[in-house]
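An overview of the molecular structure
Spelled out, the chains give:
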Amino acid sequence: MRKLVYLLFIGLIAVSCNKTKELNRPADFVNPFIGTAGHGHTYPGAILPFGMVQLSPDTRKDSWDGCSGYHYSDSMIFGFSHTHLSGTGVGDYGDIRLMPWTGEIEALLNIYKNGELPYAVFSHEEEEAKAGSYEVEFENMDVEVELTVGERSGMHRYEFEDEDDKYVLIDLYEGATSDKILGLELNIENDHTISGLKRTQGWSKDQYVYFYAVFSTSFQDVKVLENGVIMEGDHFTSMEDLKCILSFSGDVGEEIMLKVGISAVDIAGAKRNLESDIPAWDFDGLKQKAYELWNNELGRIKVEGGTIEEKITFYTALYHSYLAPYLYSDVDGRYRGHDLGIHQADAHEMYTVFSLWDTFRALHPLFTITQQERTNDLISSMLDMYEKGGLLPVWELAANETWCMIGYHAIPVITDAYMKGIRGFDVELAYEAMKRSSMQDREGLGYYRQYGFIPAGMDGSSVSKTLEYAYDDWCIAVMAKELGYEDDYTEYIQRAQYYKNIYDAQTTFMRGRMNGAWVTPFDPTEVNFMLTEANTWQYTFFVPQDVKGMMSLHGGAEKFSGKLDEMFTASMDMSGRHQSDITGLIGQYAHGNEPSHHMAYLYNFAAQPWKTQELVRKIMAEQYSEKPDGLCGNEDCGQMSAWYVFSAMGFYPVTPGTDYYVTGSPLFDKVTIGLENGKACIIEARNNAAGNKYIQSATLNGEPLLQSYIFHRSIMDGGHFIFEMGPEPNMDWGVGDDNMPVTKIDEHLITPAPYLIADSRTFSSGMELGMGCIDEGAVIRFTTDGSDPGPESEIYKDPLAIDKNTTVKAYAEAEGMLPSKVIGGFYSLMPEGRQLQYNTNYDSQYTAGGEIALIDLIRGTDNFQTGSWQGFHGVDVDVVLDLGQDVKVNTIKAGFLQDQKSWIFMPEWVEFSVSADGESYDVIGKELCKINPEADGGLTHDFSVVTKAVNARYIKVVGKNRGDCPDWHPGAGNPSWLFIDEIVIE
C-alpha cells in the first residue's frame, strides 16, 4: 500500500510517495473523514450513492460518539463490516464483519476463548478514504486492506507482506451495538464460498442481513466457533455467537480478494446481488467505477470560486447528503416489507433508513431539485411501509419502525414533493396515509386533538410535539386544498394553528402547560421533559407554516426580529439536563441539532434579510470545516450537510411544502446545477470577495429580482440568478410587502385556548384562581362543576375564590374566529398543615411541581416524561411528611416508577418509619422490591405497609437507590435514577 499522509486535504489531496496531486474533479474534493471526529458520527468507508452496502472499518461500539462504528480518535480496528449508519444518535448495523489476520492460530483461538476480540493497530498516516473506496495498512501486522463497493455488494483486497500464517475472520456476532441475536446462520458452501444470516434485535427490532461471500483463492481450513468453542460440520446455526476462521496458504506478498453480497431477503438474493454487481475479480476496475459514479452524481452541481477548503467542505457535504436513504430491494426487485414478509417491487426501488425528523427540513427538499426521480421512489417506499405496517414511517430502519423522535414528518416530504410537481407516486394513497398518521392516538396525539395542545402532565415533549404536529397538519391542509377536500382543509388548517395555544405572551416564549396553567418555574434555557433535544429558545421559532402569525404574536416584525437578535446574542449557558445533541451554539441558537436550522433565515420574513446574510456566512465558517471534526453536531443521515449545500448555493427551504426558497448569501462565485430535465440553473455571486457577504442587488434571467426568495420553478426552468455582493448591508433590497417571503394562515382562524392562573394545584385554606387568553379581546366562558362550558356558561371577569376540590373547565371565543378547545384543571384541597422535608434532594429536571408534589393528590402516569414524577439521581429518596397533627395511620404507600431503558429503576427496598416529635423514629415496615430490574417500563408500583392504627405526626419514607446502573445495562457504571410520586396516608 502507498504510504499516505492525509494532511486533512488542506489545499491538496493525500500525499503519495511525497508527490502531490491537484484536485480537479468533484469527487476529488470528497473527504469522507469529515464528521468522524467530534460528534459527527460519520464513517469513512466505501459506499455508492444511496447504496445498500456501507463497507467501513469498525473501531468501537457501545459509544454515543461511535454510533457509526468508527471514531477518528481511535487507533484499533476490529474489522470491516458491510452496514453502517451515517451521523445518527443511536447505534445499529455493523453487520457481517470480516478481518484479515496473521499470526499463530492458537493465540487467535485463545483470544476468542477468552471472550475478547482480535484487532489491528493503525494510524491515520497509513489510511486513505475517497469517494467509493477506503484503504489502510496495519501497524501490528504486515497487512494492507483495500475496500470498494457495488450497489449491493462489497469487495475486499488484502495483501499479506510476511511469511506468517494468513487468516480471514468472519464475525456474525459483533456489530456497531450490542444487538440481541435472534438467529445466526453460517454455511460452508465450498472451499471458496461462505454464506449465512445475521438476524438481530436492536434499534431495529427485527433485522435480517443475509450474505454470500466468495474468495479469490481457496481456503485451506475452516474453524467455526460458537462462544469460543470449535464446532464440527458445514452448516451452523446459533442464537448466541458464531465466528469463522478461514486459513490460507501462499507466498509473501500474496493477495486475497473477496466479494460479499448482502440482502434482507435470503441467501439467494445476496448471491444474485453479488453476481450482478461484481461479476469479475477486477478490484481496480470496480474502484474506478465507484469513483466515476460518485463523480457523475456530485458533478451535477459545479461550484466555481471559493477556497479549496470550502470546495472540500461543499462536495463532502453533498457526498454525505447522498448516502441515505439506503437501497433496500434486491436486484430482482424483492424486498422485506414492514410486515417482515417478502414482496416484489417492480415499479420502484425500495429504500430504508428514513431519519425524517431530521431530513424533512433540508435533505428531502434538496432531493426535489437534484434527485427528482429518486424522490418518487422514496415516497413510494414510504407508502409501501404504510400499506404493510399501517402508518407512514417516523424513523424507519431495516423494515422496522423504531418510533424514534417525534412528529409524522413523512407528510412534509410528500407535500413538498407534490407542490414542486413531483407526482410519480400514488397521490390518493399518500393522502389517505397522511390523514391516518395524523389520527392515531400514540405520542400524545389524542390529547393534541382534544385540547389543541398536549398538556405537559399527559405526555412527554409536549411543547415540541404540539409545534411539530401543527406544522405537519398544515402540510395535510395544503394537500387537502390541492386535492379538493374542503372539509379536511378546514379541519387541518385549524389544527395548523394549535401553536397559538402554547404561546405565552408574558414571556414571549412557547411554553409548557399543565393542569390548564403554565408550567412553573420557567427558564427558556432549560432542557427539560417538555422539549425534544432542545430548550425553549430552540423551539419558540418553529412555526414555519405561519411566520406572519408568529410575528404577530410577538408584536410585529420589529419585535420579532429583536427576539431573534436576543437568541443569537444570548449567553450560551443552558440549564436542565445535559443533552449531547445540543451543540454548535451561537448564543442560544444550536446549529448542531435540527430544530434551529431554519432560524437564521427568518430575518427575511421580518424585513431584515441582511441579518440572514451575515449569519449564514458565520454559520458556514464556524460550524463546518474540511477537517475530521468539521461537523458541529450529528450528521443525521445528511441533514447537517444538506443545510450547508443549500446555504452555500445561496438559499434554503424554510417551509417545506411551499414552492419557494428563502435567500441567504451565496458562498461561491458561481454554482451550476445540472437538472434531470436537461436544463441547468446558474447562481452567480459577483464581486464575491472575502467579506462581501451582503446582497446589493439581484437579477433573474436579466430582469431585476427584488424578492429575498426564489421560486422552485425558476430553478427547474434553468434560471440564471446573479447576485451583486458587497461589504455593507443594502437595507433596501428584499424588503417591502411584495419582496419578502411570507407564510400565513388567514382563514378559519381559531381563538387561542385560555389558560388558568394559580399559585399551585393544591391549597389548604382557600385560593384565588384566575384565567387569561393571549387574545385580550376574547371572552372566556367557564364552569367549576366539571361539566363542559357552553354558550350559556358564565363569563370570566374576576379571579375566583375556591375553598374545596374544584374542577375548572373553560374555553375562549373571539369575534370572527372559531371558539377554542375546552381546557381544564383540577385544584385540590389538602389537609391543613401538611408539608414535606427533604433529606435528599430531587433533581431540578424532574420536580413534579416542587415541594408538595409528593402529597398533592395527583398521581404520576406510566410515562416519566410527563413531568409528574420527582426524580432522584444517584441518591436515595429520603423524605419526611409532617401531617400537622397526630393522626391514626392505617396504611402508608409510596408510588415508584421503573423505566430501565431510561436508567430509572425501582428502589431495592422502601422503609417506612413514624414519629411523634420528628426526631425519634420507629421503623414500622419495609417492603423489598420484587420487580425484575431488567423489566421494561414504564412500570409503576406502590410500596406499602399496614400499620394497624398507629398514632403519628411524622412519616419518614426512605427508598433505597440501586446505585450505579448494573453491568448488563448500557449505562453501566453511571448513577441510576429513582422516580417517586405519590405518598398516600390512609
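Being a predicted model, the structure only gives us computed values, none of them experimental. Here the residue index of a chain counts from 1 through its sequence in written order. Whole-chain, interface and lining totals are the exception, using all residues; otherwise, since this is a predicted model, local features are given only for residues with pLDDT of at least 70 and side-chain atom pairs are given and counted only at 80 or more. To obtain the side-chain values, all non-hydrogen atoms of the structure were included, while hydrogens and water were left out.

1. Points about the overall build of the protein chain
Secondary structure elements are defined from DSSP: runs of H or I of at least 4 residues count as helices, runs of E of at least 2 residues count as strands, and each element is numbered from the N terminus. Of regular secondary structure, the protein chain possesses 18 helices and 59 strands. Against the globule reference of 30 Å for 986 residues, the protein chain gives a C-alpha radius of gyration of 30 Å, in line with a compact fold. Summarising its shape, the C-alpha atoms of the protein chain cover approximately 90 × 75 × 50 Å along the three principal directions. The buried share among the 986 residues of the protein chain stands at 63%. In the protein chain, once contacts between residues fewer than 6 apart in sequence are set aside, the share between residues at least 24 apart is 70%. Counting every atom, the protein chain has about 34700 Å² of accessible surface; 46% of that belongs to carbon and sulfur. Here the globule rule is a power law, 2.2 Å times the number of residues to the power 0.38, and the radius of gyration is based on C-alpha atoms. For every residue, the accessible area obtained with a 1.4 Å probe (protein chains only) is divided by the maximum for its type, and the residue is called buried under 20%, exposed over 50%, and partly exposed between those limits. A contact between two residues is defined here by any heavy atoms of the two lying within 4.5 Å. Using a 1.4 Å probe, accessible areas were evaluated by the Shrake-Rupley method; residue-level cover was limited to the displayed protein chains.

2. Some remarks on helix α4 (residues 308–321)
By definition here, a helix of n residues has an expected span of 1.5 Å times n minus one. With 14 residues, α4 ought to run about 20 Å at 1.5 Å a step, and its terminal C-alpha atoms sit 20 Å apart, in line with that. Those residues of α4 lying buried are K311, I312, T313, F314, Y315, T316, A317, L318, Y319, H320 and S321. The inward-facing, buried residues of α4 contact α3 (283–298), β21 (301–304), α6 (363–370) and α17 (639–649).

3. Regarding the nonpolar core
In this text, buried Ala, Val, Leu, Ile, Met, Phe, Trp, Tyr and Cys residues form a nonpolar core when linked through side-chain atoms within 4.5 Å. F80, F138, F215, F314, L392 and M649 are the most contacted members of the largest nonpolar core, which totals 263 residues. By residue number, the principal contributor to this core is helix α11 (residues 462–483), which donates 12 residues. Contacts of L392, omitting those with residues within four sequence positions, involve M382, L383, Y386, E401, A410, I411, I414, A433, M434 and S437. If you look at the next biggest cluster of nonpolar residues, it comprises 29 residues, including V877, V879, I955 and V957.

4. A look at the layout of surface pockets
Every definition here rests on a 1 Å grid over the protein atoms only: cavities are sets of points where a 1.4 Å probe fits but cannot get out, pockets are open sets enclosed by protein on both sides within 12 Å along at least five of seven lines, and lining residues have some atom within 4 Å of a point. Grid points are joined across faces, edges and corners, and a volume is the space filled by probe spheres set on the points. Size it by volume and the second largest pocket reaches roughly 950 Å³. Forming the boundary of the second largest pocket are 45 residues, of which R511, W518, V519, T520 and P521 lie nearest the centre. Going through the elements one at a time, β32 (517–518) and β45 (755–757) are the ones with two or more residues in the lining of the second largest pocket. The element contributing the most residues to the lining of the second largest pocket is β45, with 3 residues.

5. Comments concerning the pattern of salt bridges
Pairing between side chains becomes possible if they bear opposite charge and their charged atoms approach one another. Any carboxyl oxygen of Asp or Glu that lies within 4 Å of a side-chain nitrogen of Lys or Arg is treated as forming a salt bridge with it. Under the counting rule described, the total for this entry stands at 44 salt bridges. The network of salt bridges with common partners includes E146, R157, E255 and D284.

6. Here's the deal with empty space enclosed by the protein
One pass over the structure, following the stated rule, counts 5 cavities of 30 Å³ or more. One number sums up the size of the largest cavity: a volume of about 120 Å³. Lining the largest cavity we find 15 residues, and of these M52, T83, Y93, I262 and Y328 sit closest to its centre. Of all the secondary structure elements, the ones that give two or more residues to the lining of the largest cavity are β15 (207–215), β20 (255–263) and β22 (326–327).

7. A short note on α3
Taking 1.5 Å of rise per residue, 16 residues should cover 22 Å, and α3 covers 23 Å from first to last C-alpha, within 8% of that figure. Among the residues of α3, F283, L286, K287, A290, Y291, W294, N295, E297 and L298 are the ones counted as buried.

8. Here we look at the sheet that holds strand β51 (residues 806–813)
Two strands pair if DSSP finds at least two bridges between them. Spatial strand order, β46-β52-β51-β48-β49: 5 strands in an open sheet with mixed pairing. Only two strands of the sheet have a single partner each, and these edge strands are β46 (762–763) and β49 (794–795). Examined bridge by bridge, strand β48 (residues 779–783) and β51 share 5 bridges and lie antiparallel to one another. Looking at β51, one finds that I780 is bridged to A812.

9. Regarding the packing of aromatic side chains
Within 6.5 Å between ring centres, the rings of Phe, Tyr and Trp (the latter by its six-membered ring) count as paired, and their orientation is classed by plane angle as stacked under 30 degrees, edge-to-face over 60, tilted in between. Across all of its chains, the model carries 53 aromatic pairs by this definition. Summarising the aromatic geometry, the rings of F215 and F248 are spaced 5.7 Å apart at their centres and angled 40° between planes, so their arrangement reads as tilted. Here F248 lies in strand β19 (residues 243–248) and F215 lies in strand β15, a separation of 33 residues in the sequence. F215 gets classed as buried once you look at its relative accessible area, which sits at 1%. Judged by centre distance (5.7 Å) and plane angle (70°), the ring pair of F541 and F560 falls under edge-to-face. With a gap of 19 residues between them, F541 in the loop between α13 (537–540) and α14 (547–553) and F560 in helix α15 (residues 557–569) connect regions that are remote in the sequence. Here the two residues F541 and F560 agree in accessibility, since each one is buried. Each member of the aromatic cluster is reached from another via a ring pair, and the members are Y601, Y624, W643, Y644, F646, F651, Y652 and Y661. Our definition puts a charge over a ring when NZ of Lys or CZ of Arg is within 6 Å of the ring centre and also within 35 degrees of the ring normal. Above the plane of the ring of F509 lies K563, whose end atom (NZ or CZ) is 3.6 Å from the centre. Positioned above the aromatic ring of F711 is the side chain of R713, whose terminal nitrogen or guanidinium carbon lies 4.3 Å from the ring centre.

10. Quick word on the environment of C929
Here C929 is to be found in the loop between β57 (922–928) and β58 (939–959). Along the primary structure C929 and W909 are separated by 20 residues, whereas in three dimensions their C-alpha atoms are 5.4 Å apart. Leaving out residues up to four positions away in the same chain, C929 has contacts with M906, P907, E908, W909, F943 and R962.

11. Remarks on the packing of helix α9 (residues 427–438) against α11
Close contact between α9 and α11 brings their axes to 11 Å; oriented N to C, the two are set at 145°. Here α9 runs over α11; the crossing is left-handed. Across the interface between the two elements, V427, E428, Y431, M434, K435 and S438 from α9 touch D473, C475, I476, M479, A480 and L483 from α11. Throughout this entry, Asp, Glu, Lys and Arg are counted as charged residues, while Ala, Val, Leu, Ile, Met, Phe, Trp, Tyr, Cys and Pro are counted as nonpolar. The remaining residues, Gly among them, count as polar. The residue inventory of the contact of α9 with α11, partitioned by class, reads 8 nonpolar, 1 polar and 3 charged. Axes here mean lines fitted to C-alpha atoms, for a helix over just the part in contact, with angles spanning 0 to 180 degrees between N-to-C directions. Rotating anticlockwise by less than a right angle from the far helix to the near helix defines a left-handed crossing, while the corresponding clockwise rotation defines a right-handed one.

12. Here's the deal with the sheet that holds strand β44 (residues 720–726)
Strand order across the open sheet formed by 6 strands is β21-β39-β40-β44-β41-β42, with mixed pairing between neighbours. In this open sheet, the two strands that pair with only one neighbour each are β21 and β42 (703–704). Pairing of strand β40 (residues 680–686) with β44 involves 5 bridges; the strand directions are parallel. From the neighbouring strand, I682 faces β44, where its bridge partner is H720.

13. Some points on a negative patch on the surface
Taken together, the side chains of E104, E106, D142, E161, E163, D164 and D165 present a region of like negative charge at the surface. In this fold, E104 is placed in the loop between β6 (97–102) and α1 (105–113). Like-charged residues are merged into a patch within 9 Å and nonpolar side chains (Val, Leu, Ile, Met, Phe, Trp, Tyr) within 5 Å, provided each residue has over 30% relative accessible area and no salt bridge. Asp and Glu count as negative and Lys and Arg as positive, but His and the ends of the chain are not part of the count. For the purpose of locating charges, the reference atoms are NZ of Lys, CZ of Arg, CG of Asp and CD of Glu.

14. As for the packing of α6 against α17
α17 packs onto α6 with a crossing angle of 55° between their chain directions and a minimal axis gap of 8 Å. Classed by the angle they form, the pair α6 and α17 counts as oblique. The interaxial crossing formed by α6 with α17 has left-handed handedness. Counted together, L363, P365, L366 and I369 of α6 and Q639, A642, V645, F646 and M649 of α17 form the full contact between these two elements. If an angle is under 35 degrees, it is roughly parallel; if it is over 145, roughly antiparallel; if it lies from 65 to 115, roughly perpendicular; otherwise it is oblique.

15. Looking at the confidence of the model for the protein chain
Each residue gets a pLDDT score, which is the predictor's confidence in that residue and runs from 0 to 100. Confidence along the protein chain averages 93 in pLDDT terms, with 97% of residues attaining 70 or more. Across residues 1–20 the pLDDT falls below 50, and counting only partners more than four positions away or on other chains, this stretch makes 58 contacts in the model.

16. Here's the deal with the environment of Q639
As for its placement among the helices and strands, Q639 is situated in helix α17. Residue Q639 is classed as buried on the basis of its relative accessible area of 0%. Taking the C-alpha atoms as reference points, Q639 and E594, 45 residues apart in sequence, are found 7.8 Å from one another.

17. Focus: the pairing of β57
Bridging between strand β56 (residues 909–915) and β57 involves 6 bridges; their strand directions are antiparallel. Within the sheet, the bridge partner assigned to F912 lies in β57 and is G925. Taking the residues between adjacent antiparallel strands as the criterion, β56 and β57 are bridged by 6 residues, where G918 takes a positive phi near 80°.

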